[in-house]
Protein chains: 2
Amino acid sequence: MRRYLYRGKILSLAIEDDHWEIVEHKDAVALLVSDPRHGVLFVEQYRPAIGRKTLEIPAGLIEEGETPEQTAMRELAEEAQLTGELEKLAEFYTSPGFSDEKTYLFRVSNPRPASGTPDDDEDLTIRWRQPAEVLAAARRGELAISASTLAGLLYALEGEK
Amino acid sequence: MRRYLYRGKILSLAIEDDHWEIVEHKDAVALLVSDPRHGVLFVEQYRPAIGRKTLEIPAGLIEEGETPEQTAMRELAEEAQLTGELEKLAEFYTSPGFSDEKTYLFRVSNPRPASGTPDDDEDLTIRWRQPAEVLAAARRGELAISASTLAGLLYALEGEK
């Protein structure tokens, strides 16, 4: 039995069987855009939850009625003003010990310009960086990355071999 | 300004600047234990948050006063009754759009038996599986894995090349 303590915009908090603290959260997509010359496409942004800037591959929440693929194309246009072809690389639960959030990771091939406008509450800077450098800086704790970004980086490096 | 709506055992819920829904959560460790013959060590367990069983690499929450390395050794003993040498592979925020949870991923080398007892509220089954098979089943949505598990699998496969 799940008893709700809070129902919000992007998440809800519930207690299951009077024991488990559970966060229901929208599902998400994350996008690996890479280019042999420029590296991997990241967005740099301030994340209030952790109080610091992160370097993450483009990502976003799946809105009601959207398929993961539709969200991927929308976020790609909004965050990077790009379009391209999608290949699903993986799907996973970000932190299934407490949250039901599921993330779909896509590779974007043949990226090319498209028009799009960032969300009002997002303040993003686009950065192209070499995946091996970002991975090393994240391992040293000098750069904050997300789980989706780590997976994307590992797929990008695999593709370079 | 962070206003708290709930303070719990493993997480707290807050609203920052009357806008951002934020979950404060304990940090975590995840452990890649692999063996050329048997594959990678997983724990199979039911996760109330998602209402299904997952196949995850051993993982656990960092308790007050513990270093990530101490948690890693404790979880390794509790979940798999093993000990070994640790190498940090990566650190990342599981889902920095809403949560401050940070995960430290370690590779365990030279694994060997140790004594340990699972937590009371954990019902775990140990499974050795080939990483490529698990990755393919997860991509098809047939198996539920965590973000840490995906990263661990990609590191395991990199090591096989």
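The rules behind each value
Residues numbered from 1 in each chain as written. Chains lettered and ligands numbered in written order. Predicted model: local features only at pLDDT ≥ 70, side-chain atom pairs only at ≥ 80, totals over all residues. Heavy atoms only, no water. Buried < 20%, exposed > 50% of the residue type's maximum accessible area, 1.4 Å probe, protein only. Helix = DSSP H or I, 4+ residues; strand = E, 2+ residues; numbered from the N terminus. Arc of directions from axis to C-beta. Contact = heavy atoms within 4.5 Å. Least-squares fit on C-alpha atoms with pLDDT ≥ 70 in both. Core = buried A, V, L, I, M, F, W, Y, C linked by side-chain atoms within 4.5 Å. Pairing = 2+ DSSP bridges. Axes fitted to C-alpha atoms, helices over the stretch in contact; angles between N-to-C directions. Expected span 1.5 Å × (residues − 1). Phe/Tyr/Trp six-rings, centres within 6.5 Å; stacked < 30°, edge-to-face > 60°. Lys NZ or Arg CZ within 6 Å of the ring centre and 35° of its normal. Buried area = accessible area lost by both parts, 1.4 Å probe. Salt bridge = Lys/Arg side-chain N within 4 Å of Asp/Glu carboxyl O. Polar contact = N/O pair within 3.5 Å; in protein donor to acceptor, adjacent residues only side chain to side chain. Nonpolar A, V, L, I, M, F, W, Y, C, P; charged D, E, K, R; others polar.

J.: Whenever I open this one, helix α2 (residues 131–139) of chain A confuses me. Can you help?
T.: Along an α-helix, residues three or four positions apart point the same way, because every turn accommodates 3.6 residues. Residue and element names in this part refer to chain A. Where α2 is concerned, the buried positions are P131, V134, L135, A137 and A138. Seen end-on, α2 carries its buried residues on one side only, within an arc spanning 165°. Note on α2: the residue one or two positions beyond its end, G141, has a positive phi of about 80°.

J.: What should I look at first to understand the side chain of A:E75 in this one?
T.: Here A:E75 is to be found in helix α1 (residues 68–80). Residue contacts for A:E75: discarding those within four places in its chain leaves A:V29, A:L31, A:A59, A:G60, A:L61 and A:A80.

J.: I keep staring at the relation of the copies chain B and chain A and nothing clicks. Help me out?
T.: One copy of the chain maps onto the second through a rotation around an axis plus a translation along that axis. When chain B is fitted to chain A, the residual RMSD is 0.0 Å, and the transformation amounts to a turn of 180° plus an axial shift of 0.0 Å. In the structure described here, the two chain copies are related by an operation that fits a two-fold rotation axis. Both copies contact each other with a shared surface, as 100% of the interface residues of chain B are interface residues in chain A too.

J.: Explanation requested: the nonpolar core in the structure shown.
T.: Nonpolar side chains in soluble globular proteins tend to end up buried together. A:L105, A:L150, A:Y155, B:L105, B:L150 and B:Y155 are the most contacted members of the largest nonpolar core, which totals 44 residues. Not counting residues within four places of it along the chain, the set of residues in contact with B:L150 comprises A:A90, A:F92, A:A151, A:Y155, B:L135 and B:I145.

J.: I would appreciate a short explanation of the pairing of strand β3 (residues 20–25) of chain A in the present structure.
T.: It is a general feature of regular strands that their side chains alternate between the two faces of the sheet. Residue and element names in this part refer to chain A. In this structure, strand β2 (residues 11–16) lies alongside β3, joined through 6 bridges in antiparallel fashion. In the sheet register, E16 faces β3, and the bridge partner there is W20. If you look at the hairpin formed by β2 and β3, you'll find 3 residues sitting between the two strands, and D17 has a positive phi there, around 50°.

J.: What exactly am I supposed to notice about the sheet that holds strand β1 (residues 2–7) of chain B here?
T.: Residue and element names in this part refer to chain B. Sheet architecture is open: 3 strands sit in the order β1-β2-β3, paired in antiparallel fashion. Among the strands making up the open sheet, the edge pair consists of β1 and β3 (20–25). When the angles between neighbouring strand axes are averaged without regard to direction, this sheet yields 25°.

J.: Quick question: what am I supposed to make of α1(A) here?
T.: Residues and elements named next belong to chain A. The end-to-end C-alpha distance of α1, which contains 13 residues, comes to 17 Å, matching closely the 18 Å that a straight helix rising 1.5 Å per residue would cover. In this fold, the buried residues of α1 make contact with β4 (28–35), β5 (39–47), β7 (59–61), β8 (82–93), β9 (102–113) and β10 (125–129). One or two steps after α1, the chain reaches Q81, where phi turns positive at roughly 50°.

J.: I would appreciate a short explanation of the packing of aromatic side chains in the present structure.
T.: Ring pairs (aromatic) are described by centroid distance and by the angle formed between their planes. Within the structure shown, the criterion is met by 1 aromatic pair over all chains. Relative to B:F98, the ring of A:F98 has its centre 6.4 Å away and its plane inclined at 45°; by these criteria the two rings are tilted. Taken together, the residues A:F98 in the loop between β8 and β9 and B:F98 in the loop between β8 (82–93) and β9 (102–113) connect one chain to another. Each of the two residues, A:F98 as well as B:F98, counts as buried. Residue placement shows A:R7 over the ring face of A:Y4; its charged tip is 3.9 Å from the ring centre.

J.: Please explain unusual backbone geometry as it appears in this structure.
T.: Outside of glycine, negative phi angles account for most residues, and trans bonds account for most peptide bonds. Even without being a glycine, A:D18 presents a positive backbone phi close to 55°. Locating A:D18 in the fold gives a position in the loop between β2 and β3. The class of A:D18 is exposed, set by a relative accessible area of 65%. With phi around 50°, B:Q81 is a residue other than glycine that occupies positive phi space. When you line up the elements, B:Q81 lands in the loop between α1 (68–80) and β8.

J.: Looking at this model, I keep getting lost on the interface of chain B and chain A. Mind explaining?
T.: Chain B puts 53 residues into the contact, and the matching count from chain A is 53 residues. Taken over both partners, the interface formed by chain B and chain A buries close to 4800 Å², and the fraction arising from carbon and sulfur atoms is 61%. The interface formed by chain B and chain A includes 0 salt bridges. In this assembly, chain B and chain A are joined by 24 residue pairs in polar contact (both at pLDDT 80 or more). When contributions to the side of chain B that touches chain A are tallied by element, the ones reaching two or more residues are β1, β2 (11–16), β3, β6 (52–56), β8, α2 (131–139) and α3 (147–160) of chain B. Among the residues making up the side of chain B that touches chain A, the classes are represented as 27 nonpolar, 10 polar and 16 charged.

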